[in-house]
Amino acid sequence: MFDKLSKKLNLTQTELKISGFLILTLIVGILIKFIFSINEKTDLTFYNYAQIDSIFFSSDENDGNNSEIINKNVDYKQEVFDFNKQSFNNVYTKQLPAEKSINLNKATKQELMSLPGIGETTAKNIIELREKIGKFRKPEDLLKVKGIGSKKLDKIINYIFID
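Residues numbered from 1 in each chain as written. Predicted model: local features only at pLDDT ≥ 70, side-chain atom pairs only at ≥ 80, totals over all residues. Heavy atoms only, no water.

**Q** I'd like a description of the packing of helix α1 (residues 2-9) against helix α2 (residues 13-36), backed by residues and values.
**A** Remark: α1 packs on α2, axes separated minimally by 9 Å, with the N-to-C direction vectors making an angle of 95°. Judged on the interaxial angle alone, α2 and α1 are roughly perpendicular. The segment α1 lies against α2, with Phe-2, Asp-3, Leu-5, Ser-6 and Leu-9 engaging Gln-13, Leu-16 and Lys-17. Grouping the amino acids of the contact of α1 with α2 by side-chain chemistry returns four nonpolar, two polar and two charged. (Axes fitted to C-alpha atoms, helices over the stretch in contact; angles between N-to-C directions. Helix = DSSP H or I, 4+ residues; strand = E, 2+ residues; numbered from the N terminus. Parallel < 35°, antiparallel > 145°, perpendicular 65-115°, else oblique. Contact = heavy atoms within 4.5 Å. Nonpolar A, V, L, I, M, F, W, Y, C, P; charged D, E, K, R; others polar.)

Put into structure tokens, the structure is as follows:
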């Protein structure tokens, strides 16, 4: 019986059995609902909060400062207009050094921090590595510094030199 039906519906026997089970479950669920007249509506209980609200508002009336805060109007239009394009033009940008101007073996922390992508911690790590190994032999030695990868090295390689 399943073979003929599965060929007719172009389903495997397992798919046919699962579909039959789902349909049978749906039919049984509908029958149970109608037989036992399950009512999905529930009675809602309404609670009157007027008494609690009156306590809250009466304490608010005694305190004059709170009512001033509640009635304060905010000039939101002025706040929106404060964000004009001119205020964004004054953003600090890092001044890049000249090409091949920073000697990696003699640079101070401030000079290293002028390099793109190098902050205070990375500059400190460069100086610590320099003191540990004596001096840098090639720019690729910077890859040993924590915080410097190949992309960051590509950004700063034009600004450094080694003597």
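**Q** Just give me the short version of helix α8 (residues 120-133), but keep the residues and values in it.
**A** Along its 14 residues, α8 runs 20 Å from first to last C-alpha, staying within 8% of the 20 Å computed at 1.5 Å per residue. Burial in α8 covers these residues: Thr-122, Ala-123, Ile-126, Ile-127, Leu-129 and Arg-130. Along the axis of α8, the buried residues cluster in a sector spanning 160°; they form a single face. More than 90 degrees from the buried face of α8, the exposed residues found are Thr-121, Glu-131 and Lys-132. Buried residues along α8 sit in contact with α7 (109-113). Looking one or two residues past α8, Gly-134 carries a phi angle of roughly 100°, positive in sign. (Expected span 1.5 Å × (residues − 1). Buried < 20%, exposed > 50% of the residue type's maximum accessible area, 1.4 Å probe, protein only. Arc of directions from axis to C-beta.)

**Q** Please set out the nonpolar core residue by residue, giving values where relevant.
**A** Most often, soluble globular proteins have nonpolar side chains that are buried together. By size, the foremost hydrophobic cluster in this structure holds 18 residues, and its most contacted members are Leu-112, Leu-115, Ile-118, Ile-126, Leu-142 and Ile-148. Those elements giving two or more residues to this core turn out to be α8 and α9 (150-156). Looking at this core, the element that brings in the most residues is α8, giving four residues. When residues no more than four places from it in sequence are discounted, the contact partners of Leu-142 are Leu-104, Ile-126, Phe-136, Ile-148, Leu-153, Ile-156 and Ile-160. (Core = buried A, V, L, I, M, F, W, Y, C linked by side-chain atoms within 4.5 Å.)

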